[in-house]
2 protein chains.
Amino acid sequence: MKASIIAVGTELLFGQVANTNAAYLSDKLNHMGFDVMYHFVVGDNPMRLKDKLAEAFKDTDLVLTTGGLGPTQDDLTKEIVAEYMGAEMYLDNRVVDDLTEFFNRHGGNMPENNMKQAYLPVGCTPFYNASGTAPGFALQKDGKTAICFPGPPRELKWLFENGAGQYLEQFMEKKMFYRVLRLIGIGESDLEMLLMPLIDGQTDPTIATYAKEGECSLRVASQRDTMEEAEAAVEEMIAKIDELAGNYIYSYNNEDLNEVVVRMLKEKNLKITSAESCTGGLFASTLTDVPGASDVLSTAYITYSSESKIEELGVWNEIISCCGVVSAETAEAMAKGALERSGADIAVSVTGYAGPDADEGHDPGEAFIGWAYNGEAGSYSVRTDRNFRKWNRNYFMLRMFRTVYLLLRQNTQK
Amino acid sequence: MKASIIAVGTELLFGQVANTNAAYLSDKLNHMGFDVMYHFVVGDNPMRLKDKLAEAFKDTDLVLTTGGLGPTQDDLTKEIVAEYMGAEMYLDNRVVDDLTEFFNRHGGNMPENNMKQAYLPVGCTPFYNASGTAPGFALQKDGKTAICFPGPPRELKWLFENGAGQYLEQFMEKKMFYRVLRLIGIGESDLEMLLMPLIDGQTDPTIATYAKEGECSLRVASQRDTMEEAEAAVEEMIAKIDELAGNYIYSYNNEDLNEVVVRMLKEKNLKITSAESCTGGLFASTLTDVPGASDVLSTAYITYSSESKIEELGVWNEIISCCGVVSAETAEAMAKGALERSGADIAVSVTGYAGPDADEGHDPGEAFIGWAYNGEAGSYSVRTDRNFRKWNRNYFMLRMFRTVYLLLRQNTQK
């Protein structure tokens, strides 16, 4: 079944926020075998919303809307969709109770204008909202279905997982199965050239390459009559991909590198520590984004200044004064110091210039990654040919993860 | 002038990535006084792209496209746009040289299929790309203008800042000036009620409220014949807003809270340190996202385990065993310990349960924020009524920034 997503919100057209809701819903819909054909974004404007609703329903039978269910004057999605589907509004007592309870729980009185959220289209399937004040709903007419979600990503996800997702199952025709493989160490066009014999003229499973900063992913998808057939087709294709590109694949289940690293550390029952300079804790906070990271990380260090590297990590003053604070020697000494001081089993460190400005005459985008593991230690330089502070920091952080990943993978059967 | 943005890329419809390019371009276009009416997302499909091009040009005279300029088979945006505008393609020698040089610099040979990127529509204004391999371009016909950007956000930004932005200035009619105010400590609907007397029936300047997790922003915009008039109108309105909501405003220039905090620390010539448990370095890495953070942060601590809090920060074993590792007492002791150990002037700490699972029978979403400054120290509890690990971590981090902000603001004239 073909689907479209219409996001309503002037803030999206102002560029104050990116349309992450459409990404979330698209992922869910694809996973259920829907064909997402279009995303639309319109402002809080009745005429243009009506116009895009008609456009979306022209090519697709399922239209999901996000946003415009709030309590404020310019929240009009519910009213427009109801009008388009020819439905009156009614006051839903369950929502009235939910709202009252919500504001009691938050120890405040309900602002008058919130009562607006208690009205729903007659004949809709309501999705009551325990994560916020705006209920969602589904409305059908003449084989067309509209489902309206509130704008806040957290509430939208809650409503999808607690009602809307289940509601959508009635439309599932063919079963779709897909896997996303994640790769490091190869660029998108090299990857596509490498896999060309598999991609060329391939209809099902489909193989889509996608490049992210510092890595690539491969989406292998199949639509068949049964989930078993689809899964078998995907696994068969992945086996072929593995023969051609196996060395670059770090996850066969769309795990992020930090998830993979935490999993490997747990499997080997190892503790990790980090000593970060220019990344300022980005590595540790990304690692601890993974639930259960407390099993593998006890202590980590952010040593921004030279003094801090000396006092916190015991890096010798001489190393810094002779080799420089951004040097292979300092990076290695930071990793060794962190390992010793924390009593962890593996340590990774970074010292570098993130930019945006040149530092001590050094171009930004240069850093050294250090490591200590298994009685050995080392370091190497990484360089980016651009100057975007955030990107540099992110790139250095990814290289830290990649370093740990390769160290752990060395003595592991894949 | 009315504008639309068409993003081309199946990965967007698969939900593998959010449409941050549209957000970036929308912000830039609004700032220049363009009216962004629509965002569209279509897959790598010639017919549907043609269809959306026609749709976009129906209502708007300027259409920006992103994506589909890559070297791979399914990159077709350039060809479709050229065909729609009735232009042939030519081989651009400058791009050929750029490509050759790019791959030399990266120490590799150019994959054959990259040569595809050297073809441009006849009569276009090329935007040569020093940040990647795909050039952008602008193409005009019958008062309609199409501008095509590559998909990678970094390259798109580079091309906008180095050519496309300047090219767009020829279309600027009325001058627009706007400011985005950032607020903490008030919800969106309360804020709108508070400002209703200003918002009601207001045409220019316009006031738009927008809610983010943990904070709100206000966009005050005016379009006038001269930039001076527009700016004056905006400043006059902001003075009125200040009277009603001044206490909640932490930035009048759309600064993030971390930028404001770094600026205040610099102005007061203070050093900060942090001791993070459940946030695992998120505070420090967010603080050091701000260029020049090295002036205000020398050392920070990530103390995930109880042992680490004792060994690294000198928290008394007794405090942890009596009051618990997640307690007001531990949070305060962490802040004091970090301050003493680092020699900084102000310290902030957090210990809590980020989730997703209940920990030692405690519900996730509970944490204590500690602080030490000016010979005083304290702590307080924060609680979220949801259980999303990432969101909890983010919320705790924001509360740490808010704590520092309020401590620094106390003895500051606003």
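Residues numbered from 1 in each chain as written. Chains lettered and ligands numbered in written order. Predicted model: local features only at pLDDT ≥ 70, side-chain atom pairs only at ≥ 80, totals over all residues. Heavy atoms only, no water.

1. Some remarks on the overall build of chain A
Counting its secondary structure elements, chain A contains 14 helices and 17 strands. Taking the principal axes of the C-alpha coordinates as reference, chain A spans close to 80 × 55 × 40 Å. Sorting the 414 residues of chain A into buried and exposed places 57% on the buried side. Considering only contacts in chain A between residues 6 or more positions apart, those separated by 24 or more positions represent 67%. Carbon and sulfur atoms make up 48% of the accessible area of chain A, which totals about 16,500 Å². The positive charge centre, built from 38 side chains, and the negative charge centre, built from 60, are 1 Å apart in chain A. (Helix = DSSP H or I, 4+ residues; strand = E, 2+ residues; numbered from the N terminus. Buried < 20%, exposed > 50% of the residue type's maximum accessible area, 1.4 Å probe, protein only. Contact = heavy atoms within 4.5 Å. Areas by Shrake-Rupley, 256 points an atom, 1.4 Å probe, with all protein chains shown as cover. Lys, Arg positive; Asp, Glu negative; His and termini not counted. Charge placed at Lys NZ, Arg CZ, Asp CG, Glu CD.)

2. Side note on the packing of aromatic side chains
Going through the model one piece at a time under the given rule, you end up with 19 aromatic pairs over all chains. Ring plane angle 75 degrees and centroid distance 5.8 Å describe the contact between Phe127 of chain B and Tyr167 of chain B, whose orientation is recorded as edge-to-face. Of this pair, Phe127 of chain B sits in strand 6 (residues 125-127) while Tyr167 of chain B sits in helix 6 (residues 153-168), placing them 40 residues apart in sequence. An identical accessibility class is assigned to Phe127 of chain B and Tyr167 of chain B; each is buried. Ring pairing ties together the aromatic residues Tyr38 and Phe40 of chain A together with Tyr38 and Phe40 of chain B, which thus form one cluster. (Phe/Tyr/Trp six-rings, centres within 6.5 Å; stacked < 30°, edge-to-face > 60°.)

3. Quick look at the interface of chain B and chain A
Contact residues are listed per partner, giving 83 residues for chain B and 82 residues for chain A. Carbon and sulfur atoms make up 52% of the area that chain B and chain A hide from each other, which totals about 7,000 Å². Per-residue buried area on chain B facing chain A is highest for Phe14, Arg154 and Ile302 of chain B; these three make up 10% of the total on that side. As a salt-bridge pair, Asp289 of chain B and Arg393 of chain A come within 3.0 Å of each other at their nearest N and O atoms. Our count for the chain B to chain A interface comes out at 30 residue pairs in polar contact (both at pLDDT 80 or more). Among the residues forming the side of chain B that touches chain A, the class breakdown is 33 nonpolar, 26 polar and 24 charged. Note that strand 14 (residues 299-303) of chain A and strand 14 (residues 299-303) of chain B share five bridges and pair antiparallel. Residue pairing across strands places Thr303 of chain A opposite Thr299 of chain B, the latter belonging to strand 14 of chain B. (Buried area = accessible area lost by both parts, 1.4 Å probe. Salt bridge = Lys/Arg side-chain N within 4 Å of Asp/Glu carboxyl O. Polar contact = N/O pair within 3.5 Å; in protein donor to acceptor, adjacent residues only side chain to side chain. Nonpolar A, V, L, I, M, F, W, Y, C, P; charged D, E, K, R; others polar. Pairing = 2+ DSSP bridges.)

4. Thoughts on the pairing of strand 13 (residues 272-276) of chain B
All names here are of chain B. The buried count for strand 13 comes to five of five residues, which makes it a mostly enclosed element. Of the two faces of strand 13, the one carrying Ile272, Ser274 and Glu276 and the one carrying Thr273 and Ala275 are both buried. Sheet analysis places strand 13 next to strand 15 (residues 346-353), joined by five bridges and oriented parallel. Opposite Ile272, over in strand 15, you have Ile346 as the bridge partner. Here strand 13 runs beside strand 14; their pairing, made up of two bridges, is parallel. Opposite Ala275, over in strand 14, you have Tyr301 as the bridge partner. The β-α-β motif built from strand 13, the intervening helix 10 (residues 282-287) and the parallel element strand 14 has right-handed crossover chirality. (Right-handed = clockwise from strand over helix to strand, strands pointing away.)

5. Here's the deal with the sheet that holds strand 8 (residues 144-149) of chain B
Here 12 strands make up an open sheet; going across it, the order is 6(A)-7(A)-8(A)-3(A)-1(A)-2(A)-2(B)-1(B)-3(B)-8(B)-7(B)-6(B) and the pairing mixed. Two strands in the sheet have a free side with no partner beyond their single neighbour: strand 6 (125-127) of chain A together with strand 6 of chain B. With direction set aside, neighbouring strand axes in the sheet form an average angle of 15 degrees. Across three bridges, strand 6 of chain B lies against strand 7 (residues 136-141) of chain B in antiparallel orientation. Looking at the pairing, Phe127 of chain B lines up with Gly136 of chain B of strand 7 of chain B. (Axes fitted to C-alpha atoms, helices over the stretch in contact; angles between N-to-C directions.)

6. Details of helix 4 (residues 77-84) of chain A
Listing the buried residues of helix 4 of chain A in full gives Thr77, Lys78, Ile80, Val81 and Ala82 of chain A. Phi for Gly86 of chain A, located one or two positions after helix 4 of chain A, is positive at around 70 degrees.

7. Quick look at the relation of the copies chain B and chain A
Overlaying chain B on chain A yields an RMSD of 0.1 Å, the required transformation being a rotation through 180 degrees with an accompanying axial translation of 0.0 Å. Given the turn and translation reported, the copies of this chain are related as if by a two-fold rotation axis. The share of interface residues of chain B whose copies in chain A are also at the interface is 99%, consistent with both copies meeting through the same surface. (Least-squares fit on C-alpha atoms with pLDDT ≥ 70 in both.)

8. Observations regarding the nonpolar core
Counting residues in each nonpolar core, the largest one holds 80 residues, and the members touching the most others are Phe283 and Leu287 of chain A together with Phe283 and Leu287 of chain B. Residues contacting Leu287 of chain B, with those up to four places away along its chain left out, are Asn258, Val261, Val262, Ile272, Ala293, Val296, Leu297 and Phe401 of chain B. (Core = buried A, V, L, I, M, F, W, Y, C linked by side-chain atoms within 4.5 Å.)

9. Topic: the environment of Ile80 of chain A
Residues and elements named next belong to chain A. Counting through the fold element by element, Ile80 comes out in helix 4. On the basis of relative accessibility, which here comes to 6%, the residue Ile80 falls in the buried class. Between the C-alpha atoms of Ile80 and Val262, which are 182 residues apart in sequence, the distance is 47 Å. Leaving out residues up to four positions away in the same chain, Ile80 has contacts with Pro46, Leu49, Lys50 and Leu53.

10. Quick notes on helix 13 (residues 328-342) of chain A
Residues and elements named next belong to chain A. Counted at 1.5 Å a residue, the expected span for helix 13 with its 15 residues is 21 Å, and the 21 Å between its end C-alpha atoms agrees. Those residues of helix 13 that sit buried are Thr330, Ala331, Ala333, Met334, Ala335, Gly337 and Ala338. Remark: Gly343 follows helix 13 within two positions and exhibits a positive phi of approximately 70 degrees. (Expected span 1.5 Å × (residues − 1).)

11. Section: the pairing of strand 2 (residues 35-42) of chain A
Buried residues dominate strand 2 of chain A, accounting for seven of its eight residues. As paired elements, strand 1 (residues 2-8) of chain A and strand 2 of chain A share seven bridges and run parallel to each other. Paired with Ala3 of chain A across the strands is Val36 of chain A, a residue of strand 2 of chain A. With four bridges connecting them, strand 2 of chain A and strand 2 (residues 35-42) of chain B associate as antiparallel partners. Looking across to strand 2 of chain B, one finds that Val41 of chain A is bridged to His39 of chain B.

12. Examining the packing of helix 2 (residues 20-31) of chain B against helix 6 of chain B
All names here are of chain B. Look at helix 2 against helix 6: their axes get within 11 Å of each other, and the N-to-C directions meet at 25 degrees. When the axes of helix 2 and helix 6 are compared, the pair comes out roughly parallel. Considering only the axes of helix 2 and helix 6, their crossing is right-handed. For the pair formed by helix 2 and helix 6, the contact residues are Thr20, Asn21, Tyr24, Leu25, Lys28 and Leu29 on the first element and Pro153, Leu156, Lys157, Phe160, Glu161 and Leu168 on the second. Counted by class, the contact of helix 2 with helix 6 contains seven nonpolar, two polar and three charged residues. (Parallel < 35°, antiparallel > 145°, perpendicular 65-115°, else oblique. Left-handed = near helix turned anticlockwise from the far one by under 90°.)

13. Some details on a nonpolar patch on the surface
There is a patch of nonpolar side chains on the surface, built from Leu91, Met115 and Tyr119 of chain A and spanning about 240 Å² of accessible area. Residue placement: Met115 of chain A occurs in the loop between helix 5 (93-105) and strand 5 (119-121). (Patch = residues over 30% accessible without salt bridge, like charges linked within 9 Å, V, L, I, M, F, W, Y side chains within 5 Å.)

14. Re the packing of helix 3 (residues 46-59) of chain B against helix 4 (residues 77-84) of chain B
All names here are of chain B. Contact geometry of helix 3 with helix 4 gives a least axis separation of 10 Å together with a crossing angle of 50 degrees. The angle between the axes of helix 3 and helix 4 places the two elements in the oblique class. In the packing of helix 3 onto helix 4, the handedness of the crossing is right-handed. Contact residues: Pro46, Leu49, Lys50, Leu53, Ala54 and Phe57 in helix 3; Thr77, Ile80, Val81, Glu83 and Tyr84 in helix 4.

15. Concerning the pattern of salt bridges
Counted by the stated rule, this structure contains 36 salt bridges over all chains. With its nearest N and O atoms 2.8 Å apart, the salt bridge here joins Asp256 of chain A to Arg182 of chain A. Taken together, the residues Asp256 of chain A in the loop between strand 12 (249-251) and helix 9 (257-267) and Arg182 of chain A in strand 9 (residues 175-183) connect sequence positions 74 residues apart. Note that Arg179 of chain B and Glu235 of chain B form a salt bridge whose closest N and O atoms lie 2.7 Å from each other.

16. Remarks on the sheet that holds strand 12 (residues 249-251) of chain B
Residue and element names in this part refer to chain B. Reading across the sheet, the four strands line up as 10-11-9-12 and stay open at both edges, with antiparallel pairing between neighbours. Each of the sheet's edge strands pairs with one partner strand only, and the pair in question is strand 10 (206-212) and strand 12. Recorded for the sheet is a direction-independent mean angle of 35 degrees between the axes of neighbouring strands. Across seven bridges, the pairing between strand 10 and strand 11 (residues 215-224) is antiparallel. The partner of Ile207 across the bridge, within strand 11, is Val220. Lying over the sheet, helix 8 (residues 227-245) contacts strand 9 (175-183), strand 10, strand 11 and strand 12, oriented at roughly 20 degrees with respect to strand 9.

Remember that the coordinates give geometry; whether it matters functionally is a separate question.
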